[in-house]
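Fold and geometry: a report
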Amino acid sequence: MKIEKITRKGYSSTLSKEQLWDVYKSMKTQRLLEDRLLKMYKGGQLSGAVYPGIGQEASMAGIAAGMADTDIFGGTHRDLGVQIKKGVTLKEIALNFFGKHDGPSKGRDGNSHFGVVDKGTLMVVSPLPDSAPVAVGWALASQQSGSGVVAVANCGEGATATGTWHESINMAGVLNLPVVFTVQNNQFAYSSPNETEFGTPNVADRAAGYGIPAKIIDGNDIYEVIDVMHEACENARNGNGPTLIELVTFRHYGHAGHDPAEYVNDEVREFWMKRDPIARFEDSLVEEGFFTTEQFVSLNEELDAEIKETLDWAKNQKDPEPQNEVPDMFAERTNPVIQNDGSSKETMNFIEAITNGLDELMEDDENVFMMGEDIGVFEGAFKATKGLFNKYGPFRVIDTSISEGGFTGAAVGAALAGKKPIVELQFYDFVYPALDQITTEAAKYHWKAGKAVPMVVRGPTGAGTRSGPFHSISPESLLAHHPGIKVVAPSNPYDAKGLLVAAVNDLNPVMYLEHKKLYRKPDIKMEVPLGLYEVEIGKGKIVKKGSDLTIVTWSGMVSVATEAAKQLENDGINVEIVDIRTIVPLDEEIILTSVEKTSNLCILQEDVPFSSVASEISSLVAEKGFWNLDNPIVKVTPPNTHIPFAPVLEDAFIPSVEKVVKAVKELQ
Ligand SMILES: Cc1ncc(C[n+]2csc(CCOP(=O)(O)OP(=O)(O)O)c2C)c(N)n1
């Protein structure tokens, strides 16, 4: 078979013989490794999955070779070749495939689903292409600090149909970020050909929609890949923004080990085999007189032996230990808790306390920055960022496009790069498009990749403002269900500022819920210390002492509980109110101790009841405080419906003082 020729033209012409050998070696390593993994999988010696990128070696190695060592790569399941060229070792890869304790995922994810952040590769996850917004966020951090780091967001052509990809590329285009988007068009997304995946002739045609340049290149020509990648990276590094590169290539095998790829016809396969990237590279290296066929053969033998030996070694390494699973969910805080003598105070309402907290946090640490819709010049839909754009400018109070998934994912990347991002959701109802990034990326980074993600997602929650089903959510149960994120919901200005400061200083993703009915509620105005201070995350508070019954509640419902307690007092019922303040981690002790004292429990929540925080607290007390109860636990919640608009419906939906009083009286 006659192999199509390739020749060096641009940046690749400057590479030394040794550098070219390195590139060749990494391509060959990928091929031999994946070939062996595939055989092991088919022979039943490897559990899980394999996603061979055999045939795409020039794209993989070329992408990495065009990047600077300090640049960061966010890729997918198919990118082992890039990871190899970025310096990830055979040992690390083998340990991951066997799910071992010392592998990059510590056994928590298998096969090629890992990254080694310290070597410049972001964590690979299954949902496609979820590392793209994270790469964009790293680029944002690079732009802010002037570090010169370029981020590469890579995926297959199939993944470019996702909102995640479009939001990423749009955000990078709008903010002129140092990102290179690479798309390895290997002809098939699983079994689906290009024409069923996108409507334009090429993936690259889409770049016009984002105002960025694009190139379509031969992804099997190592020199062209290196040249174009290098140029795009340098452009990005020099402040000229993103480029989209479509690398046209072909995978020799099926999507995964189990897939025989019968959807590829012989003609297509033959076309591509003539363009095998390794054979083309070898031909050109021989033609230039750099290396001989014998050298390729002996490298082949060496690598094959090393791969076999490494895989045998990895099989017998230490297995992960189940008892580490729970402790590894969260990063341990090491920085000291901020103290404040409270000597200087000001009376503030709830939103003023939040704005004051944001201002002081940004003043104190230049790594703190904010992102969200209309938060800059306009100062936010509720004016929570009042005065901050003027004071800190557009690089720290960033107006984003409507792109919750994009900018929440970008916060993950910025946090990994050393920033402390605070994301504002215009309404917490719009957390849904961001949930993938919150749960797949933010919540799993520490557990799966050992990297802390200190970020805060804050915004208005709750009903009572006639805002209907899409601007009224209480999302605490929805969020609390996902391991790896903390959830806080303050009920007064003091706690609002203190919990915000604690959230920003926490090393983990914290969801910070602001009930919008509290923002300007006059009767909860109070003195708030000036200067930073913290309210400990995970600690509830007794807001009223009592002896007959405990009401456990939080956020907007604390005021309702307080009013109900006053009325019940007239009937001789002495209520204790526990404001849990934090949903995750839950202060179990304060709840159980109070129930032990009062022997009666009412749980009051604004969120709908099924599978909710109220259910969780009820289950906690049933399990650990049952013998202290005199009566069944009562829950006061809305019905299990959506939140309605019409005043008469909304009023009936939200738990009222009357409903609490009635429920408690019925219990006595
Ligand atoms: C959001 C999402 N949907 C579906 C899948 C299942 N899936 C895994 S790989 C794949 C095909 C991906 O094709 P492409 O993006 O072209 O990349 P390739 O596998 O060809 O490298 C699909 C559908 C997924 N991982 N993520």
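It should be noted that the structure appears before, not after, this text.
Residues numbered from 1 in each chain as written. Predicted model: local features only at pLDDT ≥ 70, side-chain atom pairs only at ≥ 80, totals over all residues. Heavy atoms only, no water.

**Thoughts on the sheet that holds strand β7 (residues 243-248)**
Here 5 strands make up an open sheet; going across it, the order is β1-β2-β3-β7-β6 and the pairing parallel. If you trace the sheet from one side to the other, it starts and ends with β1 (72-74) and β6 (214-218), each paired once. Along the sheet, successive strands turn relative to each other by an average axial angle of 20°, direction set aside. In this sheet, β7 lies alongside β6 in parallel orientation, the contact comprising 5 bridges. Looking across to β7, one finds that Asp 218 is bridged to Val 248. Packing against the sheet, helix α6 (residues 163-174) makes contact with β2 (151-156), β3 (179-185) and β7, and its axis sits at approximately 145° to β3. (Pairing = 2+ DSSP bridges. Helix = DSSP H or I, 4+ residues; strand = E, 2+ residues; numbered from the N terminus. Axes fitted to C-alpha atoms, helices over the stretch in contact; angles between N-to-C directions. Contact = heavy atoms within 4.5 Å.)

**Brief notes about the nonpolar core**
One finds Phe 181, Met 371, Tyr 428, Tyr 445, Leu 479, Met 511 and Ile 591 to be the most contacted residues of the largest nonpolar core, which totals 81 residues. In terms of residues, this core owes the most to one element, helix α5 (residues 131-145), which gives 8 residues. Those residues in contact with Phe 181, other than ones at most four positions away along the chain, are Val 136, Ala 153, Trp 165, Ser 168, Ile 169, Ala 172, Pro 242, Thr 243, Leu 244 and Ile 245. Ala 61, Leu 95, Leu 285 and Leu 311 belong to the second largest nonpolar core, which has 40 residues in total. (Core = buried A, V, L, I, M, F, W, Y, C linked by side-chain atoms within 4.5 Å. Buried < 20%, exposed > 50% of the residue type's maximum accessible area, 1.4 Å probe, protein only.)

**Considering a negative patch on the surface**
Judged by side-chain charge, Glu 301, Glu 302, Glu 306 and Glu 309 come together as a negatively charged surface patch. Mapping Glu 309 onto the fold places it in helix α10 (residues 293-315). Of the residues examined, Glu 309 reaches a relative accessible area of 58% and is grouped as exposed. (Patch = residues over 30% accessible without salt bridge, like charges linked within 9 Å, V, L, I, M, F, W, Y side chains within 5 Å. Areas by Shrake-Rupley, 256 points an atom, 1.4 Å probe, with all protein chains shown as cover. Salt bridge = Lys/Arg side-chain N within 4 Å of Asp/Glu carboxyl O. Lys, Arg positive; Asp, Glu negative; His and termini not counted. Charge placed at Lys NZ, Arg CZ, Asp CG, Glu CD.)

**Examining empty space enclosed by the protein**
Using the criterion set out here, one finds 5 cavities of 30 Å³ or more in the structure. Size it by volume and the largest cavity reaches roughly 70 Å³. Looking at the largest cavity, it is lined by 14 residues, and the ones nearest its centre are Ser 474, Glu 476, Trp 554, Ser 555 and Glu 606. Residue composition of the lining of the largest cavity, grouped by class: 5 nonpolar, 7 polar and 2 charged. By volume, the second largest cavity amounts to about 50 Å³. Taken together, Glu 34, Leu 37, Val 50, Tyr 51, Pro 52, His 77, Leu 80, Phe 97 and Ser 112 form the lining of the second largest cavity. (1 Å grid on protein atoms, 1.4 Å probe; cavity = no way out; pocket = protein on both sides within 12 Å on 5 of 7 lines; lining within 4 Å. Points joined across faces, edges and corners; volume = space filled by probe spheres on them. Nonpolar A, V, L, I, M, F, W, Y, C, P; charged D, E, K, R; others polar.)

**Remarks on the site of the ligand**
Lining the immediate environment of the ligand, one finds 14 residues, of which His 77, Arg 78, Ser 126, Gly 158 and Ala 159 sit closest. Between the ligand and Leu 128 there is a distance of 3.1 Å, counted from a nitrogen atom to a backbone nitrogen or oxygen. One of the backbone N or O atoms of Ala 159 is found 2.9 Å from an oxygen atom in the ligand. For the ligand, the accessible surface in isolation is 580 Å², of which the surrounding protein chains cover 69%. Along the lines of polarity and charge, the residues of the shell around the ligand split into 6 nonpolar, 6 polar and 2 charged. (Near = heavy atom within 4 Å. Polar contact = N/O pair within 3.5 Å; in protein donor to acceptor, adjacent residues only side chain to side chain.)

**Thoughts on the pattern of salt bridges**
Close approach of charged atoms allows side chains with opposite charge to pair. According to the stated counting rule, one finds 38 salt bridges in the structure shown. Salt-bridge contacts for Arg 8 lead to Glu 288; the nearest nitrogen and oxygen are separated by 2.8 Å. In this pair, Arg 8 is assigned in the segment before α1 (17-42) and Glu 288 in the loop between α9 (277-287) and α10, connecting sequence segments 280 residues apart. A residue is classified by how much of its surface remains accessible, and Arg 8, at 19% relative accessible area, is buried. On the basis of relative accessibility, which here comes to 38%, the residue Glu 288 falls in the partly exposed class. The partner of Lys 391 in a salt bridge is Asp 359, and the shortest N-O contact between them spans 2.9 Å. Placement of the pair is Lys 391 in helix α12 (residues 388-392) and Asp 359 in helix α11 (residues 350-364), with a sequence separation of 32 residues. Connected through salt bridges with shared partners, the residues Glu 4, Asp 218, Arg 275 and Arg 280 form a single ionic network.

**Some words on the packing of α5 against α6**
Where α5 contacts α6, the two axes come as close as 8 Å, and the packing angle between them is 15°. With respect to α6, the element α5 is oriented roughly parallel. Relative to α6, the crossing made by α5 is left-handed. Side by side, α5 and α6 meet where Ala 132, Pro 133 and Val 136 of the first sit next to Thr 164, Ser 168, Met 171 and Ala 172 of the second. Within the contact of α5 with α6, the residues separate by chemical class into 5 nonpolar, 2 polar and no charged. (Parallel < 35°, antiparallel > 145°, perpendicular 65-115°, else oblique. Left-handed = near helix turned anticlockwise from the far one by under 90°.)

**Quick look at the sheet that holds strand β11 (residues 420-424)**
The 7 strands are arranged β10-β9-β11-β12-β14-β13-β19 in an open sheet whose pairing can be described as mixed. Pairing within the sheet leaves two strands with one partner each, and these edge strands are β10 (397-399) and β19 (582-584). For this sheet, the mean inter-axis angle between neighbouring strands, taken without regard to orientation, is 20°. In this structure, strand β9 (residues 368-372) lies alongside β11, joined through 5 bridges in parallel fashion. From the neighbouring strand, Phe 369 faces β11, where its bridge partner is Pro 421. Of the strands in this sheet, β9, β11, β12 (456-461), β13 (486-488), β14 (510-515) and β19 are in contact with helix α17 (residues 493-505), which crosses β14 at around 160°.

**Observations regarding the environment of Ala 256**
Looking at the secondary structure, you find Ala 256 in the loop between β7 and α8 (266-273). Sequence separation between Ala 256 and Val 660 is 404 residues, and the spatial gap between their C-alpha atoms is 57 Å. Leave out the neighbours within four places in its chain, and Ala 256 touches Val 50, Tyr 51 and Pro 52.

**Details of the packing of α1 against α10**
Put simply, α1 and α10 touch, their axes get as near as 9 Å, and they point 50° apart. Taken together, α1 and α10 sit at an angle that is classed as oblique. For α1 against α10, the interelement crossing comes out right-handed. Where α1 abuts α10, its residues Trp 21, Tyr 24, Lys 25, Lys 28, Thr 29, Leu 32, Leu 33, Arg 36, Leu 37 and Met 40 lie against Gln 295, Phe 296, Leu 299, Asn 300, Leu 303, Asp 304, Ile 307, Lys 308, Leu 311 and Lys 315. Considering only residue class, the contact of α1 with α10 consists of 11 nonpolar, 3 polar and 6 charged.

**What about the packing of aromatic side chains?**
Within this structure, the stated rule accounts for 17 aromatic pairs. Ring centres 6.0 Å apart and planes at 65° place the aromatic pair Tyr 24 and Phe 281 in the edge-to-face group. Here Tyr 24, found in helix α1, pairs with Phe 281, found in helix α9; they are 257 residues apart in sequence, far enough to count as distant. Assessed through its relative accessible area of 0%, Tyr 24 is described here as buried. Under the relative-accessibility criterion, Phe 281 is labelled buried at 0%. For Lys 383, the ring lying beneath its charged end belongs to Phe 378, and the centroid distance is 3.6 Å. (Phe/Tyr/Trp six-rings, centres within 6.5 Å; stacked < 30°, edge-to-face > 60°. Lys NZ or Arg CZ within 6 Å of the ring centre and 35° of its normal.)

Just distances and angles here, no functional claims.
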